Amino acid sequence: MAHNIEVNADGTARFAYAGATPWHRLGIKMEGLQTIDAMLDAAQADYQVILSKVALVDDNGTLITNPDGSPVIVEDSKATVRVNDDGTFNPLATVGNRYDIRQNREVLERALAVVGASREEAVIDTCGVLKGGARFFSTIDLGSLVIDPTGVNDKIARYLVVSHGHDGFWPIRYANTDIRAVCQNTVIMGLKQAERVFTARHTKNADEYIKTAQEALHMSTEWATAFKAQAEQMLSIQVPQGSQRIDKVLNTVFPASKDESDRQRRNREEINGMIRLIYGNQKNAGGFGYNGWSMFNSIVEYLDHHRRGTVDERALASIDENSWVTRTKIVAQKAVMSLA
(Lines give C-alpha, C1' and ligand atoms only; values in the text may rest on other atoms or scores of the structure.)
Protein backbone atom coordinates (compact mmCIF):
# COMPACT_ATOMS: atom_id res chain seq x y z
CA MET A 1 0.00 0.00 0.00
CA ALA A 2 1.11 3.58 -0.66
CA HIS A 3 1.11 4.50 3.02
CA ASN A 4 3.31 1.47 3.95
CA ILE A 5 2.02 1.63 7.54
CA GLU A 6 2.19 -1.70 9.35
CA VAL A 7 -1.24 -3.25 9.84
CA ASN A 8 -1.54 -6.03 12.41
CA ALA A 9 -3.29 -9.35 11.80
CA ASP A 10 -6.36 -8.03 13.67
CA GLY A 11 -6.64 -5.07 11.29
CA THR A 12 -5.30 -2.39 13.66
CA ALA A 13 -2.65 -0.06 12.31
CA ARG A 14 0.55 0.83 14.15
CA PHE A 15 -0.06 4.56 13.84
CA ALA A 16 -1.48 7.27 16.11
CA TYR A 17 -2.22 10.92 15.46
CA ALA A 18 -3.35 13.99 17.40
CA GLY A 19 -4.34 16.46 14.68
CA ALA A 20 -6.44 16.20 11.55
CA THR A 21 -7.37 12.73 10.29
CA PRO A 22 -4.79 11.58 7.70
CA TRP A 23 -5.71 10.68 4.14
CA HIS A 24 -5.41 6.92 4.76
CA ARG A 25 -7.77 7.12 7.77
CA LEU A 26 -5.78 4.51 9.69
CA GLY A 27 -4.62 4.51 13.29
CA ILE A 28 -5.78 5.76 16.66
CA LYS A 29 -7.09 9.30 17.09
CA MET A 30 -5.65 11.00 20.20
CA GLU A 31 -7.13 14.00 21.98
CA GLY A 32 -4.53 16.71 21.49
CA LEU A 33 -0.74 16.54 21.32
CA GLN A 34 0.74 13.69 23.35
CA THR A 35 3.76 12.80 25.43
CA ILE A 36 6.31 10.37 24.02
CA ASP A 37 5.10 7.56 26.29
CA ALA A 38 1.44 7.96 25.32
CA MET A 39 2.13 8.19 21.58
CA LEU A 40 4.60 5.31 21.38
CA ASP A 41 2.13 3.14 23.28
CA ALA A 42 -0.84 4.11 21.10
CA ALA A 43 1.13 3.46 17.91
CA GLN A 44 2.54 0.16 19.25
CA ALA A 45 5.94 1.55 18.30
CA ASP A 46 7.88 0.99 21.53
CA TYR A 47 9.19 -2.44 20.58
CA GLN A 48 12.75 -3.68 20.99
CA VAL A 49 14.99 -4.55 18.06
CA ILE A 50 17.98 -6.86 18.50
CA LEU A 51 20.88 -7.94 16.30
CA SER A 52 21.33 -11.60 15.42
CA LYS A 53 23.91 -13.58 13.52
CA VAL A 54 22.81 -14.86 10.12
CA ALA A 55 22.90 -18.63 9.62
CA LEU A 56 22.26 -20.59 6.42
CA VAL A 57 19.15 -22.71 5.89
CA ASP A 58 18.06 -24.75 2.88
CA ASP A 59 14.85 -24.38 0.88
CA ASN A 60 13.03 -26.51 3.44
CA GLY A 61 14.08 -24.27 6.30
CA THR A 62 16.55 -26.77 7.68
CA LEU A 63 19.70 -25.36 9.24
CA ILE A 64 22.84 -25.97 7.18
CA THR A 65 25.67 -27.15 9.39
CA ASN A 66 29.38 -27.83 9.18
CA PRO A 67 30.73 -31.42 9.52
CA ASP A 68 31.12 -30.81 13.26
CA GLY A 69 27.44 -29.91 13.54
CA SER A 70 27.95 -26.17 14.03
CA PRO A 71 25.78 -23.82 11.96
CA VAL A 72 27.22 -22.11 8.91
CA ILE A 73 27.33 -18.38 9.76
CA VAL A 74 27.42 -15.51 7.24
CA GLU A 75 30.35 -13.61 8.73
CA ASP A 76 29.81 -10.24 7.02
CA SER A 77 26.12 -9.84 7.88
CA LYS A 78 23.76 -9.60 10.80
CA ALA A 79 19.98 -9.50 11.00
CA THR A 80 17.76 -6.97 12.77
CA VAL A 81 14.92 -8.71 14.57
CA ARG A 82 11.87 -7.30 16.37
CA VAL A 83 11.00 -8.86 19.72
CA ASN A 84 7.21 -9.03 20.03
CA ASP A 85 5.25 -8.81 23.27
CA ASP A 86 4.05 -12.41 22.88
CA GLY A 87 7.62 -13.74 22.71
CA THR A 88 7.70 -14.21 18.96
CA PHE A 89 10.22 -12.61 16.63
CA ASN A 90 9.94 -10.73 13.35
CA PRO A 91 13.05 -10.62 11.14
CA LEU A 92 13.33 -7.14 9.65
CA ALA A 93 16.44 -6.97 7.46
CA THR A 94 20.07 -7.98 7.02
CA VAL A 95 22.64 -5.31 7.83
CA GLY A 96 26.41 -4.95 7.98
CA ASN A 97 28.59 -5.77 10.97
CA ARG A 98 29.12 -2.08 11.79
CA TYR A 99 25.39 -1.48 12.17
CA ASP A 100 24.41 -0.34 15.67
CA ILE A 101 20.83 -0.68 16.95
CA ARG A 102 18.97 2.51 17.84
CA GLN A 103 15.55 1.92 19.36
CA ASN A 104 12.56 3.99 18.24
CA ARG A 105 12.17 5.49 21.71
CA GLU A 106 15.83 6.52 21.86
CA VAL A 107 15.71 8.28 18.49
CA LEU A 108 12.53 10.15 19.44
CA GLU A 109 13.81 11.11 22.91
CA ARG A 110 16.94 12.59 21.35
CA ALA A 111 14.78 14.57 18.93
CA LEU A 112 12.86 16.02 21.88
CA ALA A 113 16.17 17.03 23.43
CA VAL A 114 17.13 18.80 20.20
CA VAL A 115 14.07 21.07 20.43
CA GLY A 116 14.37 21.55 24.18
CA ALA A 117 11.31 19.49 25.15
CA SER A 118 11.19 16.85 27.88
CA ARG A 119 9.59 13.42 27.62
CA GLU A 120 6.76 14.65 29.87
CA GLU A 121 5.75 17.43 27.49
CA ALA A 122 2.85 16.90 25.08
CA VAL A 123 4.34 17.85 21.71
CA ILE A 124 3.99 14.66 19.62
CA ASP A 125 1.51 14.94 16.75
CA THR A 126 2.00 11.67 14.85
CA CYS A 127 3.81 8.40 15.38
CA GLY A 128 3.92 5.35 13.14
CA VAL A 129 5.59 2.10 12.12
CA LEU A 130 6.38 1.34 8.49
CA LYS A 131 7.41 -1.65 6.41
CA GLY A 132 6.47 -4.32 8.94
CA GLY A 133 8.48 -2.71 11.74
CA ALA A 134 11.62 -2.00 9.72
CA ARG A 135 11.04 1.78 9.75
CA PHE A 136 9.70 4.35 12.20
CA PHE A 137 8.60 7.97 12.03
CA SER A 138 7.11 10.66 14.22
CA THR A 139 6.14 14.32 14.01
CA ILE A 140 6.95 16.83 16.75
CA ASP A 141 4.74 19.93 16.64
CA LEU A 142 6.96 22.97 17.19
CA GLY A 143 4.18 25.54 16.87
CA SER A 144 4.87 28.99 15.44
CA LEU A 145 8.30 29.55 16.95
CA VAL A 146 11.14 31.87 16.05
CA ILE A 147 14.53 30.49 16.97
CA ASP A 148 17.58 32.72 16.73
CA PRO A 149 20.70 30.78 17.72
CA THR A 150 22.91 32.44 15.12
CA GLY A 151 21.60 35.99 15.30
CA VAL A 152 19.89 35.92 11.92
CA ASN A 153 16.29 35.89 13.11
CA ASP A 154 15.86 32.41 11.68
CA LYS A 155 12.29 31.25 11.10
CA ILE A 156 11.77 27.52 11.57
CA ALA A 157 9.06 25.40 9.99
CA ARG A 158 6.12 24.01 11.95
CA TYR A 159 7.30 20.43 12.44
CA LEU A 160 10.34 18.34 13.22
CA VAL A 161 9.84 15.05 11.39
CA VAL A 162 11.78 12.19 12.95
CA SER A 163 12.54 9.05 10.95
CA HIS A 164 14.90 6.10 11.01
CA GLY A 165 15.01 2.47 9.97
CA HIS A 166 16.17 -0.89 11.23
CA ASP A 167 16.87 -2.00 7.66
CA GLY A 168 20.23 -0.37 6.93
CA PHE A 169 18.70 1.99 4.35
CA TRP A 170 16.99 4.68 6.42
CA PRO A 171 19.48 6.55 8.64
CA ILE A 172 18.42 8.64 11.65
CA ARG A 173 17.02 11.87 10.21
CA TYR A 174 15.52 14.98 11.79
CA ALA A 175 13.90 17.30 9.24
CA ASN A 176 12.52 20.76 9.95
CA THR A 177 9.55 20.98 7.58
CA ASP A 178 6.01 22.25 7.17
CA ILE A 179 4.86 18.84 5.96
CA ARG A 180 3.20 16.68 8.63
CA ALA A 181 4.29 13.05 8.42
CA VAL A 182 1.41 10.56 8.35
CA CYS A 183 2.82 7.82 6.09
CA GLN A 184 5.99 6.83 4.23
CA ASN A 185 5.27 9.13 1.27
CA THR A 186 4.82 12.21 3.48
CA VAL A 187 8.02 11.39 5.38
CA ILE A 188 9.92 11.29 2.09
CA MET A 189 8.17 14.45 0.84
CA GLY A 190 9.02 16.27 4.07
CA LEU A 191 12.66 15.27 3.76
CA LYS A 192 12.83 16.46 0.16
CA GLN A 193 11.22 19.84 0.88
CA ALA A 194 12.91 20.53 4.21
CA GLU A 195 15.43 23.35 4.19
CA ARG A 196 17.46 21.61 6.87
CA VAL A 197 17.91 17.90 7.58
CA PHE A 198 20.18 16.35 10.19
CA THR A 199 21.37 12.82 9.40
CA ALA A 200 23.23 10.26 11.53
CA ARG A 201 24.12 6.72 10.57
CA HIS A 202 23.40 3.68 12.74
CA THR A 203 26.99 3.24 13.81
CA LYS A 204 28.79 3.33 17.14
CA ASN A 205 29.61 7.03 16.85
CA ALA A 206 26.03 8.09 16.08
CA ASP A 207 25.88 9.74 19.51
CA GLU A 208 28.56 12.21 18.46
CA TYR A 209 26.62 13.11 15.32
CA ILE A 210 23.38 13.63 17.25
CA LYS A 211 25.06 16.20 19.49
CA THR A 212 25.47 18.45 16.45
CA ALA A 213 21.79 18.27 15.46
CA GLN A 214 20.83 21.61 16.99
CA GLU A 215 23.54 23.41 15.07
CA ALA A 216 22.67 21.61 11.82
CA LEU A 217 18.98 22.47 12.19
CA HIS A 218 19.65 26.04 13.40
CA MET A 219 17.67 25.27 16.56
CA SER A 220 18.05 26.42 20.12
CA THR A 221 16.45 25.22 23.33
CA GLU A 222 15.91 28.83 24.39
CA TRP A 223 12.39 28.74 22.91
CA ALA A 224 11.35 26.09 25.43
CA THR A 225 12.31 28.31 28.36
CA ALA A 226 10.51 31.29 26.83
CA PHE A 227 7.43 29.21 26.06
CA LYS A 228 7.19 27.89 29.62
CA ALA A 229 7.59 31.38 31.05
CA GLN A 230 4.83 32.72 28.82
CA ALA A 231 2.52 29.81 29.64
CA GLU A 232 3.07 30.37 33.35
CA GLN A 233 2.32 34.06 32.95
CA MET A 234 -0.91 33.29 31.09
CA LEU A 235 -1.89 30.81 33.80
CA SER A 236 -1.56 33.59 36.39
CA ILE A 237 -3.96 35.91 34.52
CA GLN A 238 -7.44 35.46 35.95
CA VAL A 239 -10.26 35.41 33.39
CA PRO A 240 -13.51 34.56 35.22
CA GLN A 241 -16.26 32.94 33.16
CA GLY A 242 -18.71 35.55 31.91
CA SER A 243 -16.39 38.44 32.78
CA GLN A 244 -15.67 41.53 30.69
CA ARG A 245 -12.11 40.24 30.31
CA ILE A 246 -13.41 37.61 27.90
CA ASP A 247 -15.25 40.34 25.98
CA LYS A 248 -12.07 42.39 25.75
CA VAL A 249 -10.08 39.50 24.28
CA LEU A 250 -12.77 38.43 21.83
CA ASN A 251 -13.47 41.99 20.69
CA THR A 252 -9.76 42.41 19.98
CA VAL A 253 -9.38 39.13 18.12
CA PHE A 254 -12.69 39.32 16.25
CA PRO A 255 -13.48 43.05 16.13
CA ALA A 256 -16.71 44.47 14.76
CA SER A 257 -16.24 46.57 11.63
CA LYS A 258 -17.97 49.93 11.30
CA ASP A 259 -19.97 48.85 8.28
CA GLU A 260 -20.59 45.19 9.13
CA SER A 261 -23.85 43.69 7.86
CA ASP A 262 -26.38 41.85 9.99
CA ARG A 263 -25.02 38.58 8.63
CA GLN A 264 -21.45 39.50 9.56
CA ARG A 265 -22.60 40.52 13.04
CA ARG A 266 -24.43 37.21 13.50
CA ASN A 267 -21.34 35.29 12.34
CA ARG A 268 -19.13 37.20 14.77
CA GLU A 269 -21.54 36.59 17.64
CA GLU A 270 -21.73 32.90 16.70
CA ILE A 271 -17.93 32.64 16.82
CA ASN A 272 -17.77 34.39 20.19
CA GLY A 273 -20.47 32.11 21.58
CA MET A 274 -18.67 28.99 20.38
CA ILE A 275 -15.37 30.09 21.93
CA ARG A 276 -17.13 30.76 25.24
CA LEU A 277 -18.43 27.17 25.20
CA ILE A 278 -14.97 25.82 24.34
CA TYR A 279 -13.50 27.91 27.16
CA GLY A 280 -15.38 25.97 29.82
CA ASN A 281 -14.69 22.44 28.55
CA GLN A 282 -12.37 19.89 30.16
CA LYS A 283 -9.45 20.61 27.82
CA ASN A 284 -9.36 24.28 28.77
CA ALA A 285 -10.86 25.94 31.85
CA GLY A 286 -12.14 22.58 33.08
CA GLY A 287 -8.56 21.38 33.28
CA PHE A 288 -6.43 24.51 33.74
CA GLY A 289 -8.88 26.88 35.41
CA TYR A 290 -10.39 30.16 34.23
CA ASN A 291 -7.26 32.00 33.18
CA GLY A 292 -5.40 33.47 30.23
CA TRP A 293 -3.85 30.16 29.20
CA SER A 294 -7.27 28.53 28.89
CA MET A 295 -8.61 31.57 27.04
CA PHE A 296 -5.78 31.51 24.52
CA ASN A 297 -6.13 27.77 23.92
CA SER A 298 -9.89 28.12 23.45
CA ILE A 299 -9.34 30.52 20.57
CA VAL A 300 -6.65 28.27 19.08
CA GLU A 301 -8.97 25.24 19.36
CA TYR A 302 -11.72 27.11 17.55
CA LEU A 303 -9.38 28.20 14.75
CA ASP A 304 -7.86 24.73 14.29
CA HIS A 305 -10.93 22.53 14.70
CA HIS A 306 -14.27 24.36 14.78
CA ARG A 307 -14.29 27.22 12.30
CA ARG A 308 -16.00 26.77 8.96
CA GLY A 309 -14.18 24.82 6.27
CA THR A 310 -13.10 21.27 5.56
CA VAL A 311 -10.66 19.37 7.76
CA ASP A 312 -7.95 19.73 5.10
CA GLU A 313 -8.57 23.48 4.69
CA ARG A 314 -8.30 24.04 8.44
CA ALA A 315 -5.17 21.89 8.66
CA LEU A 316 -3.44 23.73 5.80
CA ALA A 317 -4.25 27.12 7.31
CA SER A 318 -2.95 26.03 10.71
CA ILE A 319 0.48 25.06 9.34
CA ASP A 320 0.86 28.11 7.07
CA GLU A 321 2.79 30.78 8.95
CA ASN A 322 1.38 33.50 6.67
CA SER A 323 -2.28 32.47 6.90
CA TRP A 324 -5.08 34.45 8.53
CA VAL A 325 -5.33 31.71 11.15
CA THR A 326 -1.69 32.06 12.22
CA ARG A 327 -1.95 35.86 12.33
CA THR A 328 -5.13 35.59 14.41
CA LYS A 329 -3.39 33.33 16.93
CA ILE A 330 -0.68 35.95 17.37
CA VAL A 331 -3.34 38.62 17.94
CA ALA A 332 -5.02 36.35 20.50
CA GLN A 333 -1.76 35.80 22.33
CA LYS A 334 -1.12 39.53 22.59
CA ALA A 335 -4.72 40.23 23.63
CA VAL A 336 -4.50 37.75 26.50
CA MET A 337 -1.10 39.03 27.63
CA SER A 338 -2.48 42.58 27.68
CA LEU A 339 -4.73 41.52 30.58
CA ALA A 340 -1.73 41.02 32.86
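As a reminder, the structure under discussion sits directly above these lines.
Below is a summary of the structure that appears in this document. Quick caveat, the model's predicted, so the values are computed rather than measured. (Residues numbered from 1 in each chain as written. Predicted model: local features only at pLDDT ≥ 70, side-chain atom pairs only at ≥ 80, totals over all residues. Heavy atoms only, no water.)

Regarding the overall build of the chain
As a reminder, the rule being used: Starting at the N terminus, helices and strands are each numbered in turn, a helix being any DSSP run of H or I of at least four residues and a strand any DSSP run of E of at least two. Burial classes: relative accessible area under 20% of the type maximum marks a residue as buried, over 50% as exposed, and values in between as partly exposed (1.4 Å probe, protein chains only). Should any heavy atoms of two residues lie within 4.5 Å, those residues are counted as being in contact. Per-residue and other accessible areas follow the Shrake-Rupley method at a 1.4 Å probe size, with only the shown protein chains counted as cover for residues.
Helix and strand counts for the chain stand at 12 helices and 10 strands. Per-residue burial for the chain yields a buried fraction of 46% across its 340 residues. Within the chain, residue pairs in contact and separated by at least 24 positions form 57% of the contacts whose partners lie at least 6 positions apart. About 17400 Å² of surface is accessible on the chain, with carbon and sulfur atoms providing 51% of the total.

So, the environment of V300
Residue position: V300 is located in helix α10 (residues 292–306). In this structure the C-alpha to C-alpha distance between V300 and T326, which are 26 residues apart in sequence, comes to 9.3 Å.

Looking at the sheet that holds strand β9 (residues 172–177)
Applied cut-off: Strands pair, by our definition, only if DSSP identifies at least two bridges between them. As a rule, the C-alpha atoms of each element are fitted with a line to give its axis, helices using only the stretch in contact, and angles between N-to-C directions run from 0 to 180 degrees.
Spatially, β2-β1-β6-β7-β8-β9-β10 is the arrangement adopted by the seven strands of the open sheet, whose pairing is mixed. Looking at strand neighbours, the two that pair on one side only are β2 (28–29) and β10 (196–200), the edges of this open sheet. Bridging between strand β1 (residues 15–17) and strand β6 (residues 124–130) involves three bridges; their strand directions are antiparallel. Within β6, the residue paired with Y17 across the bridge is T126. Contacts from helix α3 (residues 184–193) reach β6, β7 (135–141), β8 (159–165), β9 and β10 within the one sheet, and its direction differs from that of β9 by about 70°.

Concerning unusual backbone geometry
With the exception of glycine, most residues fall at negative phi, and the peptide bonds are largely trans. In this structure, Q44 takes a positive phi of about 50° despite not being glycine. Secondary-structure assignment places Q44 in the loop between α1 (36–42) and β3 (48–55). The class for Q44 is partly exposed, based on a relative accessible area of 31%. At K131, a position not held by glycine, the phi torsion is positive, near 50°. Its place among the elements puts K131 in the loop between β6 and β7.

Quick notes on the packing of aromatic side chains
The following threshold applies: Pairs were defined over the aromatic rings of Phe, Tyr and Trp, the Trp ring being its six-membered one, requiring ring centres within 6.5 Å. Orientation was assigned from the angle between planes: stacked under 30 degrees, edge-to-face over 60, tilted for the rest.
In this structure the tally under the stated criterion is six aromatic pairs. Judged by centre distance (5.8 Å) and plane angle (20°), the rings of F15 and Y17 are stacked. Taking relative accessible area as the criterion, F15 reaches 0% and is therefore assigned buried. Looking at Y17, the relative accessible area reads 6%, which means it is buried.

Some details on the pattern of salt bridges
Short version of the rule: Salt bridge, as applied in this entry: a Lys or Arg side-chain nitrogen positioned within 4 Å of an Asp or Glu carboxyl oxygen.
Under the criterion given, the structure shown has 18 salt bridges. Across the pair R82 and E6 runs a salt bridge whose closest N-O atoms are separated by 2.8 Å. Of this pair, R82 sits in strand β4 (residues 73–83) while E6 sits in the segment before β1, and the two are 76 residues apart along the sequence. Considered together, R82 and E6 belong to a single accessibility category, that of buried residues. Residue R105 is joined to D37 by a salt bridge in which the shortest nitrogen-to-oxygen separation is 2.8 Å. One end of the pair, R105, is in helix α2 (residues 104–114); the other, D37, is in helix α1, with 68 residues separating them in the sequence. Taken together, the shared-partner salt bridges connect D37, D46, R105, E109 and R119 into one network.

Looking at the sheet that holds β3
A sheet is described by the order of its strands in space; here three strands give the open sequence β3-β4-β5, paired in antiparallel fashion. Whereas interior strands pair on both sides, the edge strands pair on one side only; in this sheet they are β3 and β5 (89–96). Averaged over all pairs of adjacent strands, the angle between their axes in this sheet comes to 35°, without regard to strand direction. Taken together, the seven bridges between β4 and β5 define a ladder with antiparallel strand orientation. Across the sheet, K78 pairs through a bridge with V95, a residue of β5.

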